[in-house]
4 protein chains.
Amino acid sequence: MIYPGELVQLVSPKGKRYLRTFNPDEALHTHEGKLDLGLLRETDFGDYIKTHLGKKYRVLKPTLHDLLKNIKRETQIIYPKDIGYILLKLSVGPGSRIIEFGSGSGSLTLALAWYAGSTGIVYSFERREKFMEICANNLARVGLQDNVQQINQDIEEGIDLHEMDCAFIDVRTPWECLDQVVQGVRNGAPVGFLLPTVNQVSALLESMDQGPFSDVEVVELMLRHYKPVSDRLRPEDRMVAHTGFLVFARLNKNMPEKE
Amino acid sequence: MIYPGELVQLVSPKGKRYLRTFNPDEALHTHEGKLDLGLLRETDFGDYIKTHLGKKYRVLKPTLHDLLKNIKRETQIIYPKDIGYILLKLSVGPGSRIIEFGSGSGSLTLALAWYAGSTGIVYSFERREKFMEICANNLARVGLQDNVQQINQDIEEGIDLHEMDCAFIDVRTPWECLDQVVQGVRNGAPVGFLLPTVNQVSALLESMDQGPFSDVEVVELMLRHYKPVSDRLRPEDRMVAHTGFLVFARLNKNMPEKE
Amino acid sequence: MIYPGELVQLVSPKGKRYLRTFNPDEALHTHEGKLDLGLLRETDFGDYIKTHLGKKYRVLKPTLHDLLKNIKRETQIIYPKDIGYILLKLSVGPGSRIIEFGSGSGSLTLALAWYAGSTGIVYSFERREKFMEICANNLARVGLQDNVQQINQDIEEGIDLHEMDCAFIDVRTPWECLDQVVQGVRNGAPVGFLLPTVNQVSALLESMDQGPFSDVEVVELMLRHYKPVSDRLRPEDRMVAHTGFLVFARLNKNMPEKE
Amino acid sequence: MIYPGELVQLVSPKGKRYLRTFNPDEALHTHEGKLDLGLLRETDFGDYIKTHLGKKYRVLKPTLHDLLKNIKRETQIIYPKDIGYILLKLSVGPGSRIIEFGSGSGSLTLALAWYAGSTGIVYSFERREKFMEICANNLARVGLQDNVQQINQDIEEGIDLHEMDCAFIDVRTPWECLDQVVQGVRNGAPVGFLLPTVNQVSALLESMDQGPFSDVEVVELMLRHYKPVSDRLRPEDRMVAHTGFLVFARLNKNMPEKE
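Residues numbered from 1 in each chain as written. Chains lettered and ligands numbered in written order. Predicted model: local features only at pLDDT ≥ 70, side-chain atom pairs only at ≥ 80, totals over all residues.

1. Observations regarding the interface of chain B and chain A
Counting residues at the interface gives 54 residues for chain B, matched by 54 residues for chain A. Residue assignment for the side of chain B that touches chain A shows that the elements contributing at least two residues are α1 (64-69), α2 (80-90), α3 (107-116), α6 (198-210), β12 (213-227) and β15 (245-251) of chain B. When residues in the side of chain B that touches chain A are grouped by element, the largest group, 11 residues, is from β12(B). Strand direction decides the pairing type here: strand β12 (residues 213-227) of chain A and β12(B), joined by 9 bridges, are antiparallel. (Contact = placed C-beta atoms within 7 Å. Helix = DSSP H or I, 4+ residues; strand = E, 2+ residues; numbered from the N terminus. Pairing = 2+ DSSP bridges.)

Printed below as a string of structure tokens:
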């Protein structure tokens, strides 16, 4: 049985996917007929419900990966391949208290909120009101809004946070908000950055060289899909070749002075 | 202040790293002198303690990534780049009930236990006693043993689990335990596999074609490190070129019969 | 001055490219007006000619890379990234006597003919008459037809060649024509294969294991383009992720028997 | 029959390779005994000769790829994967007249000389006398010295070449010798650059933006080796992840002025 308010993914016979918060009074109008969502009450995840034309729609419990792929976006989003790695590097887990500079459409925000859980909190800063809203909607749609505090301000105006567990920065000129990063997280904390161009990476590294950061790493993840055909197995013809470079470091306030 | 029993990472002046569970009565004997760990009581994460020769060792709270890199291993381990993506695809989170076929040295086990948390559980199967022990030690060392139930048996003998949330299979011939996968997870659940060779991927796809699986995907993740030097930024000369292929699918017990 | 019969590449103001063999009596009808090709007689490579509407078209001597990109194709062609490497591995050069099994649209044929030169020869086999013709047209268009002898037959019927310098095989089931490869090239000669799927690579390796081949290598080349913008340098968003796997070996008729 | 003066590659039973210019009076002293090279007179490429202890050494005609891998080097060399692509982009072929700025150890010089042939010429500039010599030796060893004119000077002092077919530049600060490039090649000619760091690529693009260059491209080639085992086919564990970025352009003296 599926309960009202649960997230549901409906998959058409042709593989088209619809993400919904289950409301038994709603219907989904598809090319294969009307789908009465009330039927979900008598089914279970993994099963099918039928349109009024008898077409079967598979009912799946969406994974975190599904939610991230279904983000409503008006910016370049952070991709799952990068998010997974960010989680491990920032050591995000139940109870984490996280700073995010640059909510964007909220794909990373959503994943951070998912893993921080109800005992943790994500402070997500976004200067542009429009993206604040998009992010808010993406969080509310999947019921994670309570784990996030959204803050609509320019980071350079200063922030009122201290001793957070980690920080992730996805803004165009992150070297301009390093002071806020240093102030916001506890000493030794892991911090991460996403940057699309090599010029940005270079500029960030130059600024970080001046400041209290050590263990600096620059990495890039590439995800290659294969055609899943047993007797004609081969990589897909085309792939996403670039999303962004990831920079990671640890705050180190006791660094020896640079000569 | 750091408390006895907490995990601590000590970083030497040259960057050598030591992972320890804090016991104030212990000492660490290093090339730069003896490090009295009792000193940790008066310090905090991010700070330094000194050896009896005055050399500073940085004190860090290890991230999950640090823990995964410090796994004691006697097998090929699953790499962080792959683990991060697996977490999202399997939708592992607080409370998840997970099947793992093939504990190996326990790197994925550790990450699953970390994210499932104390409200979740990982049932980790391993046929070889030696690896059971290595995995057990790796879990105990970081205090995650209570989130995992280790089971020392051949999977093909049958398992006593049902309706689990997801499964990950890292064994040499996964096509021989698909029946146990199908039995163990709830309908619609995400399942994943790691396989080093293309022949194994092909054999697995062939078996999955016969069975109740849909949404089959084959992917490969590549992680490229850059030299983090602002004015001479470039990829590292060499990289890990291959760890394994990842296969993901959803259990689909209501699949139409193959003609 | 450009002479009739020379290959010319015309580049529109917007970067559209036209490849032509220069005939002074022809005209090119473009969106920016009519281009009287007779004007080429009074210009030189690197300069411009104008349409009757005054739009400048740049006149370039096409490179081999340009010719390969302009191949008329009805099949998957072999890409320049792969062709360059094949040339070095097969040691193609002025005077080379080369066997090609599978002309396809003739992109590799063209490059082999270019480098073998007038003192060398490419014997290019193609079973399908249609592709024979496409290949013939692609060669004639760039004036390389005299360096190639096209042979329209099934390779398995047997070939009448011996002691050739090298061979390249681009057919669907290359393991079925290994006898012809062995017969056709001199002992020690380098041979190469292109195969899209891992299953084909595996099947070929299995057959080669039985036969007189050593120094077997399997490689794959990836070409990544960057946006050529000085202050926003970054990889292109998408790339060709797969063209084919390359297999290389040396004929070794004196191999010790397999036990 | 193999003739004195021919290049020969000898392969030991364990796969160790020796490149020699055949001199029948010489001997090769190996771990498996003395190899009287005079024996080569009675053998042929593809066959074996035996040491005085009866061990078989295979006799191969080295490919261009073999020669490039055997370059004596004291610098980072240009790799075959890059050389193959450079050849196509610069349209090097029999009769090509080529400028090379920065001979280094001469790996690209060798390949350019091989393909330009005796009717072409490579003008190879190198400021450092030591590398001049290394390059000279590498060319002489394979008999290609007559196709190359080595020039030991600082490029910025000016060069005495005009209307060459193409140019390749492999120096640390190529933006400082763009005037010499522009002077040296004919209008419309293809030019190429190799650069290890992104900062260099960015600086070069900035300079090229000011000058008479169009069709600018930045690419990177990755070569991945697979274990050539039929039933356990998989990528090698590690790979060369970076050699350099390639930049290509066409000289365009009639470019519209930048505003």
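2. Side note on the domain arrangement of chain A
All names here are of chain A. Taken domain by domain, chain A holds domain 1 (7-62) and domain 2 (66-251). Measuring from the centre of the C-alpha atoms in domain 1 to the corresponding centre in domain 2 gives 33 Å. Counting residues at the interface gives 5 residues for domain 1 and 5 residues for domain 2. Taken together, the elements giving at least two residues each to the side of domain 1 that touches domain 2 come down to β1 (7-11) and β2 (17-21). Counted by class, the side of domain 1 that touches domain 2 contains 3 nonpolar, 2 polar and no charged residues. (Domains from an automatic or database assignment. Nonpolar A, V, L, I, M, F, W, Y, C, P; charged D, E, K, R; others polar.)

3. Regarding the relation of the copies chain B and chain A
The operation relating the two chain copies consists of a rotation about an axis and a shift along that axis. By a simple turn and slide, chain B fits onto chain A: the slide is 0.0 Å along the axis, the RMSD is 0.0 Å, and the turn is 180°. Within this description, the copies of the chain are treated as partners about a two-fold rotation axis. For chain B, the minimum C-alpha distance to the rotation axis belongs to B:G84 and amounts to 1.8 Å. Of the interface residues in chain B, 100% have counterparts in chain A that sit at the interface too, so the contact is made through matching surfaces. (Least-squares fit on C-alpha atoms with pLDDT ≥ 70 in both.)

4. Some thoughts on the pairing of strand β6 (residues 56-60) of chain D
Residues and elements named next belong to chain D. Most of β6 is tucked away, with 4 of its 5 residues classed as buried. Relative to β6, strand β1 (residues 7-11) runs antiparallel, the two sharing 3 bridges. Residue pairing in the sheet places L10 in a bridge with V59 of β6. Of the pairings in the sheet, the one linking strand β5 (residues 48-50) to β6 comprises 3 bridges and is antiparallel in character. The residue of β6 that forms the bridge with I49 is Y57. Linkage of β5 to β6, two consecutive antiparallel strands, is achieved through a turn of 5 residues, within which G54 is found at a positive phi near 85°. (Buried ≥ 20, exposed ≤ 12 C-beta atoms within 10 Å, placed from the backbone.)

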